[in-house]
Amino acid sequence: MEKIVVNGGTPLRGSVEISGMKNAALPIIYASILVQDKCVIENLPNVSDVSNSLDLLRAMGASIRSVGRNAVEIDCTDIRQGSAPYDLARKMRASYYLFGAELGRFHTAHAPLPGGCDFGVRPIDQHIKGFESLGAEVKIENGCIDINTPRGICGANIFFDVVSVGATINMMLAAALTPGLTTIDNPAKEPHIVDLANFLNTCGAQIRGAGTDMIKIRGVDHLHGCHYAIIPDMIEAGTYMIAAAATSGTVRINNVIPKHLESITAKLQEMGATVVEDDDFVIVSSAGSLCRTNIKTLPYPGFPTDMHPQMSVLLCAANGVSTVTEGVFETRFRYVDELRRMGASIKVNGRTAIIQGGGKLSPAPVRAVDLRAGVALVIAGLMTEGETEISDIQLIERGYDDIIGKLRNLGANIRKVYVSDAEELKKAN
Ligand code: UD1
């Protein structure tokens, strides 16, 4: 078992390069199923969700080769429909983009239901509603989804009842090659929705309005290959912004789109941290004394749910009582028990965490319960004097490119250790 050990209490200083956005890279990788040609995708983050997705496409018959640092060439000409291995697909949420991509390319889809972080019930009713509106018939059986189009497939109008990133992406994938006009009303507006539209349009798709209240997709006959670079990861950037403020440090965060960080920047400034923005970097610094605030996570451009646990950790260091209300998922509070082990004073009432800040955290063995919860514990460790040990770090590696190397460059005392099962057992006894 691998663990992260952090010896905290030192301010982070220096600069960090932000990698490509995981949540943009994943749909773009699956979108290459729609293209019977070579696509070169650059600025891919080196994270396990990306390598698992590439392995999954390889297992389905795609030809994939590395073409330089953080770039791959994907050719899905010979991909076999319905052949995704169950064990790989269930490792991540993003494998559900197979539904839309296979439906778009083959007019039929068969794929395992996805995995992903546990935030309570994660229904896919809006995805199904979208596919059915294009004329498809959808069945779920034996842990897999089966989508067929016995009466053909045709563009349609779809109104989503809830704003869903995954359903918006699946609809774009399904509609890009579907004859006629598809409109998506009430879509998600996240930067990765726009990035996917830009990728598909570079391949010859006709998608307009991504990032607005209505997306219009005019189906085309085929898509051609392209070269495309993924946008920077706003959640990775936001995580380093919070780590800088949490350790009373000064960090220059390079390769970002400051507009994507506005909601995070605004909250940090409200709390008393300094954020200086330029074209493609931000500098975050804090003199140490932060004040309380209230946060509600919302779809973009609201405060991102994927920054919720990191922000809760920062609020443990802010003077006064703060609240974090989860407005996207049913529940996202499994990290709270782990933080309490470190002495955090947090109560959860329904969808709101009430955080009594200002006290000091103390080091403890803790567990990453999901991706962002895991990185939040790394920040907690960085804030805390003494040795914090974090287990289940494979969850953090799903979404953070070289987190140990990047934090070490900023002066953190952090390392990855291998602990054998025998040592674990000895400790438990
Ligand atoms: C994606 C991201 C995840 C992020 C989330 C919200 C990926 C791989 N994952 O997840 O990191 O936290 O967006 O920004 O990109 N819902 C329904 N019915 C549906 C679909 C969703 O009710 O058919 C609900 C969900 O339960 C949730 C809300 O809509 O309450 C938002 O979910 P959604 O935007 O779909 O999140 P994901 O695409 O799963």
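To be clear, the structure that these remarks concern was listed above.
Engineer: So what's going on with the packing of aromatic side chains? Residues and values would help.
Structural biologist: Tallied over the full model, the rule gives five aromatic pairs. Plain terms: the ring middles of Tyr 96 and Tyr 97 are 5.1 Å apart, the flat faces sit at 50° to each other, and that makes the pair tilted. A centroid spacing of 6.5 Å and a plane angle of 35° characterise the contact between Phe 333 and Tyr 335, whose relative ring orientation is tilted. Both residues of the pair, Phe 333 and Tyr 335, count as buried.

Engineer: Talk me through the site of the ligand; I want residue IDs and the actual numbers.
Structural biologist: For the ligand, the set of nearby residues contains 21 residues, the closest of which are Tyr 96, Ser 164, Val 165, Asp 306 and Val 328. Between the ligand and Gln 126 there is a distance of 2.7 Å, counted from an oxygen atom to a backbone nitrogen or oxygen. Alone, the ligand offers 740 Å² of accessible surface; in the complex the protein occludes 88% of this. Only α5 (125-133) and α6 (165-175) provide two or more residues apiece to the shell around the ligand. Per element, the largest residue contribution to the shell around the ligand is three residues, and it comes from α5. Split by residue class, the shell around the ligand holds 10 nonpolar, six polar and five charged.

Engineer: Requested: an account of the nonpolar core, with residues and values cited.
Structural biologist: Where a protein is soluble and globular, its nonpolar side chains tend to be buried together. Formed by 150 residues in total, the largest nonpolar core has its most connected members in Leu 56, Leu 57, Leu 200, Ile 253, Leu 268, Ile 390 and Leu 407. Other than its neighbours up to four places away in sequence, Leu 57 contacts Ile 29, Tyr 30, Ser 32, Ile 33, Ala 62, Ile 64, Ile 74, Cys 76 and Ile 79.

Engineer: Mind laying out the pattern of salt bridges, listing which residues take part and the relevant values?
Structural biologist: Pairs can form between side chains of opposite charge whenever their charged atoms are close. Under the defined criterion, the tally for this structure stands at 19 salt bridges. Note that Lys 3 is salt-bridged to Glu 389, the shortest N-O span being 2.9 Å. Within this pair, whereas Lys 3 is found in strand β1 (residues 2-8), its partner Glu 389 is found in strand β22 (residues 386-391), the two being separated by 386 residues in sequence. Among the salt bridges present, the one from Glu 270 reaches Lys 267, with a minimum N-O distance of 3.2 Å.

Conventions we followed
Residues numbered from 1 in each chain as written. Predicted model: local features only at pLDDT ≥ 70, side-chain atom pairs only at ≥ 80, totals over all residues. Heavy atoms only, no water. Phe/Tyr/Trp six-rings, centres within 6.5 Å; stacked < 30°, edge-to-face > 60°. Buried < 20%, exposed > 50% of the residue type's maximum accessible area, 1.4 Å probe, protein only. Near = heavy atom within 4 Å. Polar contact = N/O pair within 3.5 Å; in protein donor to acceptor, adjacent residues only side chain to side chain. Areas by Shrake-Rupley, 256 points an atom, 1.4 Å probe, with all protein chains shown as cover. Helix = DSSP H or I, 4+ residues; strand = E, 2+ residues; numbered from the N terminus. Nonpolar A, V, L, I, M, F, W, Y, C, P; charged D, E, K, R; others polar. Core = buried A, V, L, I, M, F, W, Y, C linked by side-chain atoms within 4.5 Å. Contact = heavy atoms within 4.5 Å. Salt bridge = Lys/Arg side-chain N within 4 Å of Asp/Glu carboxyl O.

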